[in-house]
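Listed below, chain by chain, are the residues.
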Amino acid sequence: MEFNFKIFDLSQKSILFIGLFSVLFIFFIRWNGFSGSNYLQIIKSDGIGYFYYFPQTFDSNFEIDSNQLEVFLHLLPNNSTLNKYPIGTALMQSPFVTSAWLIDALQAKPLNWFGESFQKLISIAGLFYAILGLWFMRKLLKLYEIEERIISFSLFAFFFGTNLSYYSLVEPSMSHVYSFSMISVGLWLIKKWRSVPNVKFVFWMAVVFGLIILIRPVNVLFIFLVPLLTLNEKTDFNFKQNFVRNTKSITLASLLLIGVISIQLIFWKWKHGSFFLWSYADEGFYFDKPQLIDYLMSFRKGLFIYTPLSLLAVIVFLWAYRKNIKYIFLFALAFVPLVYLHSAWWNWYYGDSYGNRVMIDFMAFFILLFALGMKNISLNWQRILVIFSTILILLNLFQTYQYYEGIMSHFDMNREKYWAIFGKAGADNIGKLGGNDDIVRYHTEDMILLRAQTVDFGKPQAAWLGVGHVDTLDQQEVVCRINSEFGLSLRFPGGEVMDFASTYLVLSNHVKLLHGNDQQIYWTISYFDSNFQIYQYQSFKINELPLLVSESRTNTYRINLQRPKNPNDLIQLAIWNQSKADFEISKLHFQWYSINKILRD
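S.K.: Which residues make up the overall build of the protein, and what values do they have?
M.R.: Regarding its fold elements, the protein presents 18 helices and twelve strands. Expected size for 601 residues packed as a compact globule is a radius of gyration near 25 Å; at 27 Å, the protein falls within 12% of this value. Dimensions of the protein, computed from C-alpha atoms along their principal axes, come out at roughly 85 × 60 × 55 Å. In the protein, which comprises 601 residues, the share counted as buried stands at 52%. A separation threshold of at least 6 residues defines the contact pool for the protein, and within that pool the share at least 24 residues apart is 78%.

Pasting the structure below:
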């Protein structure tokens, strides 16, 4: 019996292709890869926090990893452990997590929340919701009477041409694909209800809207997308008939919406004793200082830099409707609040991520712009648009590979780094970028400068240990030559910063490579307890970009430092010259700031 593909229209075939490709990618690369155990890292990063709802709720013997405290979890005064993240993602994953539990139970396997079954079922969950979102985007675009070929290409382009594919297939434990899915469903429900005002759509909207907010509360911005759904409507929506005359249904739907949202409040009351909590403890918005330009155009994580297809969607839509002030206004009504609120978050680039990950939640918006714009331009312009979009798709796939392999930095890209690795592939380019550029943590008080010092290598300093060979090049510049594995370190007493929640170090130096390779020269930061045991450690390559012999460069690093555990602890800043390369360091300067004064324990 032959399978008849003719029963599918073109847009359905596009989704089918995406699904088949995704299954193959997940099985051969995400689950297995070269090691055969790539699946062990499916639940990672923020995804650990979302997933923690399951063991916290259903496993009384589950031991919380102490390293996750104050990262994903907060210890409350009543000794309960508050999950930083909202419950919505866990609700979306729950059918798949239940399946994983049943699979292990039927095989009599011991419960391992981060074992193979749970990891793989979360992977399947991400793919399921990605396909669900694309399916409802297809249904939404068909309501606009957009041609099949445009719908098909739009779905294909925005899956493979944006970071939607990465967070659907590689990091599906994050919340973004679930938001994308529900927002796509929500937009279709509203549009469908406006054309077929059946009360069942009202109740479904209540459930879906509640889930959208539960996944990420900032998704409430979804309401600014709703006016766009009035575009190209042939009949006016009768507000009186559909709202005023259905007061009972609207009231019941509102109660249903509140009920869905209340799942979070009830959970908090059950686990922590209060209906209302701010789970993002020491984080917040800078409403007066949104990073609008960086959010859109920065080489760090700028939306239009790493997802240029979204910029193309905006341009095409505005060009197609350039003579229609209403449409341009409705676009601005949606776009401006999205960019403003997201860019006002203290960490506007949202940490480690491939590109601007929070806009994945609203990728339905850009798909809609792209398809509507493409519908209203000439065939010749459509062909040009397809060619240009294809180039951007290939660019995104290549940069996804770079990010996945570690060629691209996960959190502190800049213009220089971007162009240094542009088009670069292969093992020789993995992990070559160095430096460290943390954004200063959220703070409500002015930072206080604790220390500022330019190190003079020509003068003995008790705090410096074994500074190596010191040369005076001229009367102005003194350099320290290093060719041993260790030899340059500075220790700060922990007691100096116990009054502050955290500190921020700005460090700069000039490095000249004399012989060898600089790829194993690191700055290290270590926390020692009173027994001189390390309990906190981080390192980063001394040069942001690799140097050749006789080359030099000035580097500036910005590092968030944690608060020491005890006043007698030491914070050590040191160079680890693992490969024993021969290099000179000079112009070493540091500024150490305190953030958010607290009461002593």
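S.K.: I'd like a rundown of helix 15 (residues 325-344), residues and numbers included.
M.R.: Between its first and last C-alpha, helix 15 extends 28 Å over 20 residues, near the 28 Å set by a 1.5 Å rise per residue. Within the sequence span of helix 15, burial applies to Tyr 327, Leu 330, Phe 331, Ala 334, Phe 335, Pro 337, Leu 338, Val 339, Leu 341, His 342, Ser 343 and Ala 344. Check the buried side of helix 15 and you find it contacts helix 12 (292-297), helix 13 (303-306), helix 14 (308-320) and helix 16 (363-375). Backbone nitrogen of Lys 326 and a side-chain oxygen of the N-cap are separated by 3.1 Å at the start of helix 15; the cap is Asn 324.

S.K.: Hey, could you go over the packing of aromatic side chains for me, with residue numbers and the actual values?
M.R.: This structure, assessed with the given rule, holds 59 aromatic pairs. Ring centres of Phe 285 and Phe 287 lie 5.0 Å apart, and the angle between their planes is 20°; on these two criteria the pair is classed as stacked. You can call Phe 287 partly exposed: its relative accessible area is 48%. Between Phe 492 and Phe 590, the ring centres sit 5.6 Å apart and the planes meet at 75°, which makes this aromatic pair edge-to-face.

S.K.: Can you lay out the packing of helix 14 against helix 17 (residues 379-405) for me, pointing to particular residues and giving the numbers?
M.R.: The geometry of helix 14 relative to helix 17 is characterised by a closest axis approach of 9 Å and an angle of 160° between their N-to-C directions. Looking at the two axes, helix 14 sits roughly antiparallel to helix 17. Two packed elements cross with a definite hand, and for helix 14 against helix 17 that hand is left-handed. Taking contact as the criterion, the partners of Pro 308, Leu 309, Leu 312 and Val 316 in helix 14 are, on helix 17, Leu 385, Phe 388, Ser 389, Leu 392 and Leu 395. For the contact of helix 14 with helix 17, a count of residues per class yields eight nonpolar, one polar and no charged.

S.K.: Which residues make up the packing of helix 4 (residues 88-106) against helix 9 (residues 199-215), and what values do they have?
M.R.: Relative orientation and spacing of two packed helices are given, respectively, by the angle between their axes and the distance between those axes. Look at helix 4 against helix 9: their axes get within 6 Å of each other, and the N-to-C directions meet at 115°. Between helix 4 and helix 9, the residues in contact are Gly 88, Thr 89, Leu 91 and Met 92 and Leu 211, Leu 214 and Ile 215, respectively. Of the residues assigned to the contact of helix 4 with helix 9, the class counts are five nonpolar, two polar and no charged.

S.K.: I'd like a description of the environment of Ser 579, backed by residues and values.
M.R.: Looking at where Ser 579 falls in the secondary structure, it is placed in the loop between strand 11 (570-577) and strand 12 (582-597). Given the relative accessible area of 31%, Ser 579 is considered partly exposed. With 62 residues separating them along the chain, Ser 579 and Asn 517 place their C-alpha atoms 7.4 Å apart.

S.K.: Quick rundown of the side chain of Ser 117? Include the residues and the values.
M.R.: Looking at the secondary structure, you find Ser 117 in helix 5 (residues 116-143). Among residues more than four places away in sequence, those in contact with Ser 117 are Ala 100, Ile 103 and Asp 104.

S.K.: Mind laying out unusual backbone geometry, listing which residues take part and the relevant values?
M.R.: We note that Asn 79 has phi near 70°; this positive angle belongs to a residue other than glycine. Tracing the sequence through the fold places Asn 79 in the loop between strand 1 (73-75) and strand 2 (81-83). The residue Glu 145 is not glycine, and still its phi comes out positive at about 60°. Tracing the backbone shows Glu 145 in the loop between helix 5 and helix 6 (148-160).

S.K.: Can you break down the pattern of salt bridges residue by residue, with the values?
M.R.: Here the structure, examined in full by the defined rule, presents 15 salt bridges. Residue Glu 116 is joined to Lys 120 by a salt bridge in which the shortest nitrogen-to-oxygen separation is 2.6 Å. Taken as a pair, Glu 116 and Lys 120 lie in helix 5 at a separation of four residues, close to a single helical turn. When its relative accessible area of 16% is taken as the criterion, Lys 120 is described as buried.

The rules behind these values
- Residues numbered from 1 in each chain as written.
- Predicted model: local features only at pLDDT ≥ 70, side-chain atom pairs only at ≥ 80, totals over all residues.
- Heavy atoms only, no water.
- Helix = DSSP H or I, 4+ residues; strand = E, 2+ residues; numbered from the N terminus.
- Rg over C-alpha atoms; globule rule 2.2 N^0.38 Å.
- Buried < 20%, exposed > 50% of the residue type's maximum accessible area, 1.4 Å probe, protein only.
- Contact = heavy atoms within 4.5 Å.
- Expected span 1.5 Å × (residues − 1).
- Polar contact = N/O pair within 3.5 Å; in protein donor to acceptor, adjacent residues only side chain to side chain.
- Phe/Tyr/Trp six-rings, centres within 6.5 Å; stacked < 30°, edge-to-face > 60°.
- Axes fitted to C-alpha atoms, helices over the stretch in contact; angles between N-to-C directions.
- Parallel < 35°, antiparallel > 145°, perpendicular 65-115°, else oblique.
- Left-handed = near helix turned anticlockwise from the far one by under 90°.
- Nonpolar A, V, L, I, M, F, W, Y, C, P; charged D, E, K, R; others polar.
- Salt bridge = Lys/Arg side-chain N within 4 Å of Asp/Glu carboxyl O.

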